[in-house]
Amino acid sequence: MHIHGLIEDSVTLADLCKRLAKSDFITVDTEFMRENSYWPELCLIQVANDKEAAAIDPMAPDLDMGPLLDLLVENEDVLKVFHAGGQDIEIVYNLTGKTPHPMFDTQVAAMALGQGEQIGYSNLVDTYLGVVVDKGARFTDWARRPLDKRQIDYAIADVTHLSKIFPKMLEKLRKSGRGVWLDQEMERISDPENYRNDPDQVWQRVRINSRKPEVLGRLKALARWRELEAQGKDLPRGRIVKDETLADLAANPPRKQSDLAKVRGLSAAWAGNDIGGRMMAAIAESKPLPADEMPGREERKPSLGKDGALVADLLKLLLKIRAKEVNVAPRLLARSEDLEALAAGVRKDLPILEGWRYEQFGRDALALVEGQLGFAVRNGKLKMSRTEDPA
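Predicted, not measured: the structure shown is a model, and the values here were computed from it. (Residues numbered from 1 in each chain as written. Predicted model: local features only at pLDDT ≥ 70, side-chain atom pairs only at ≥ 80, totals over all residues. Heavy atoms only, no water.)

Digging into the pairing of strand β2 (residues 25–33)
Now for step 1: Judged by how many residues are buried, β2 sits mostly within the fold: nine of nine residues are covered.
Now for step 2: Of the two faces of β2, the one lined by F25, T27, D29, E31 and M33 and the one lined by I26, V28, T30 and F32 are each fully buried.
Now for step 3: The pairing of β2 with strand β5 (residues 79–82) spans three bridges and is classified as parallel. Bridge assignment links F25 to a residue of β5, and that residue is L79.
Now for step 4: Here β2 pairs with strand β3 (residues 41–48) via seven bridges, running antiparallel. Each residue of the ladder has a partner; that of V28, found in β3, is V47. (Buried < 20%, exposed > 50% of the residue type's maximum accessible area, 1.4 Å probe, protein only. Helix = DSSP H or I, 4+ residues; strand = E, 2+ residues; numbered from the N terminus. Pairing = 2+ DSSP bridges.)

Okay, here's the thing in structure tokens:
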């Protein structure tokens with residue numbers, strides 16, 4: 001495989017992208033910094049196919065990233081391969097408003113191959129290639145220039161290893177017939193809605209006990225204000241106001257700006273400065289949350305009751321048994337909330353009652369809930385037993 005030097009000019013990048021555009025797949029990784037900012041600061045992009053690999057410096061002056069971004073989000077003929085690619089995809093979305101597609105995540109694929117629920121990159125490389133990953137540069141400040149050869153080699157290795165691992169995983173998936181299992185997961189991961197930060201919706205991520213419309217309306221207004229402040233200042237939201245303080249302000253709003261000096265978690269200076277004034281304006285302009293925006297208790301978590309909770313526990317036991325039998329990570333078969341919903345009587349819009357999940361687990365889960373399947377201990381081993389008629 002040919003390893004390019006660090007790409008810092010537009011012509012070299014455009015030429016690379018033309019060649020990569022003829023590939024069946026490319027592997028992609030990014031290095032970024034986000035500890036002190038709202039927006040992740042993209043510092044390096046690594047790409048490879050089975051013939052060549054390169055690291056691209058997006059911080060290079062006058063570098064036109066257009067050809068690379070087009071390759072990632074516009075070219076439907078090239079599969080984009082990531083490992084645990086959520087944050088990489090978020091960065092691409094922030095730059096383009098789109099997500100890489102089609103895409104493949106090797107961490108998710110490993111779940112279908114029985115290699116754990118969240119196998120790390122180093123373990124994946126060791127498993128498939130027998131290579132120990134050099135972790136010496138993992139704490140690099142990727143925003144600092146110049147980058148030395150060891151740092152660049154470390155970064156490029158992420159995609160060169162993946163370019164060798166992906167065909168091996170693909171062959172295993174083909175032999176096992178499990179490739180179709182991953183289609184739904186890959187589409188879910190690449191859904192742009194997962195990466196869109198709508199300031200009017202971020203309040204739903206803040207934990208608050210109250211269900212009063214006026215309190216939730218203030219929370220929505222405050223969360224929107226904080227999101228815009230964080231974006232404008234490029235600071236993490238918690239640097240503006242922490243969630244617990246935001247919830248407390250929504251439940252117990254100050255009457256005047258000078259009262260902000262008494263609020264735990266806020267600087268006393270907010271009692272008289274502009275940011276405190278903008279917060280007070282957000283509170284003053286807030287309106288009770290409309291009925292159609294109120295969070296529904298049943299939608300969040302079906303009511304189980306004591307018996308339902310016991311049934312959910314039995315479903316979790318069944319999940320462990322079935323996952324072991326088919327050698328797949330339990331979380332790929334079913335999530336806890338789906339099991340609890342099934343135990344509570346929900347039968348519609350559950351992934352475990354559709355497609356391959358129904359065939360591999362959902363049919364047995366439904367039979368268990370409806371009394372057609374039970375557990376028995378035979379010769380010291382736990383077995384599932386069926387009854388002809390529902391109990």
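A look at the UniProt feature "domain: HRDC" (unreviewed entry) in the protein
Now for step 1: Summarizing the sequence annotation, UniProt attributes the feature "domain: HRDC" (unreviewed entry) to residues 212–293 in the numbering used throughout.
Now for step 2: End C-alpha to end C-alpha, residues 212–293 measures 12 Å, and it is 56% helix and 0% strand. (UniProt positions renumbered as here; feature names shortened; annotations may be inferred.)

Considerations on helix α7 (residues 179–189)
Now for step 1: Residues W181, L182, E185, M186 and I189 constitute the buried set of α7. Burial along α7 is one-sided: seen end-on, the buried residues are contained in an arc of 120°.
Now for step 2: Looking at the buried residues of α7, the elements they touch are α3 (86–96), β6 (103–105), α4 (106–112), α6 (149–176), α14 (330–333) and α16 (355–369). (Arc of directions from axis to C-beta. Contact = heavy atoms within 4.5 Å.)

A short note on the pattern of salt bridges
Now for step 1: Throughout the structure, instances matching the rule amount to 27 salt bridges.
Now for step 2: Residues D134 and R150 are paired through a salt bridge, measuring 3.4 Å at the closest nitrogen-oxygen approach. Of this pair, D134 sits in the loop between α5 (121–129) and α6 while R150 sits in helix α6; the two residues are 16 residues apart in sequence, bridging distant segments of the chain.
Now for step 3: Owing to a relative accessible area of 44%, D134 belongs among the partly exposed residues under this scheme.
Now for step 4: D364 is the salt-bridge partner of R322, the closest N and O atoms lying 3.5 Å from each other. Taken together, the residues span a long stretch of sequence, with R322 in helix α13 (residues 305–326) and D364 in helix α16 at a distance of 42 residues. Across this residue pair, the class does not change: R322 and D364 are buried.
Now for step 5: What you see here is one network of salt bridges that share partners, running through E185, R188, R335 and R357. (Salt bridge = Lys/Arg side-chain N within 4 Å of Asp/Glu carboxyl O.)

Re the environment of L44
Now for step 1: Checked against the element boundaries, L44 lands in strand β3.
Now for step 2: Judged by its relative accessible area of 0%, L44 is buried.
Now for step 3: A C-alpha to C-alpha distance of 5.0 Å links L44 and E31, two positions 13 residues apart in sequence.
Now for step 4: Every residue in contact with L44, bar those within four places of it in the chain, is listed here: L6, D29, T30, E31, A55, I56, D57, P58, W142, L147 and A155.

Some remarks on the state of the cysteines
A disulfide bridge is the covalent bond that connects two cysteines by way of their sulfur atoms.
Now for step 1: Applying the stated criterion across every chain, the model contains zero disulfides.
Now for step 2: This cysteine, C43, is not joined by any disulfide, and C17 carries the nearest cysteine sulfur, 19 Å off. (Disulfide = S-S within 2.5 Å.)

What about the packing of α7 against α16?
Now for step 1: Relative orientation of the contacting elements α7 and α16 amounts to 120°, with a least axis distance of 9 Å. Judged by the angle between their axes, α7 and α16 are oblique. Crossing of α7 over α16 shows left-handed handedness. Touching V180, W181, Q184 and E185 of α7 are W356, R357 and Q360, all from α16.
Now for step 2: The class makeup of the residues in the contact of α7 with α16 is three nonpolar, two polar and two charged. (Axes fitted to C-alpha atoms, helices over the stretch in contact; angles between N-to-C directions. Parallel < 35°, antiparallel > 145°, perpendicular 65-115°, else oblique. Left-handed = near helix turned anticlockwise from the far one by under 90°. Nonpolar A, V, L, I, M, F, W, Y, C, P; charged D, E, K, R; others polar.)

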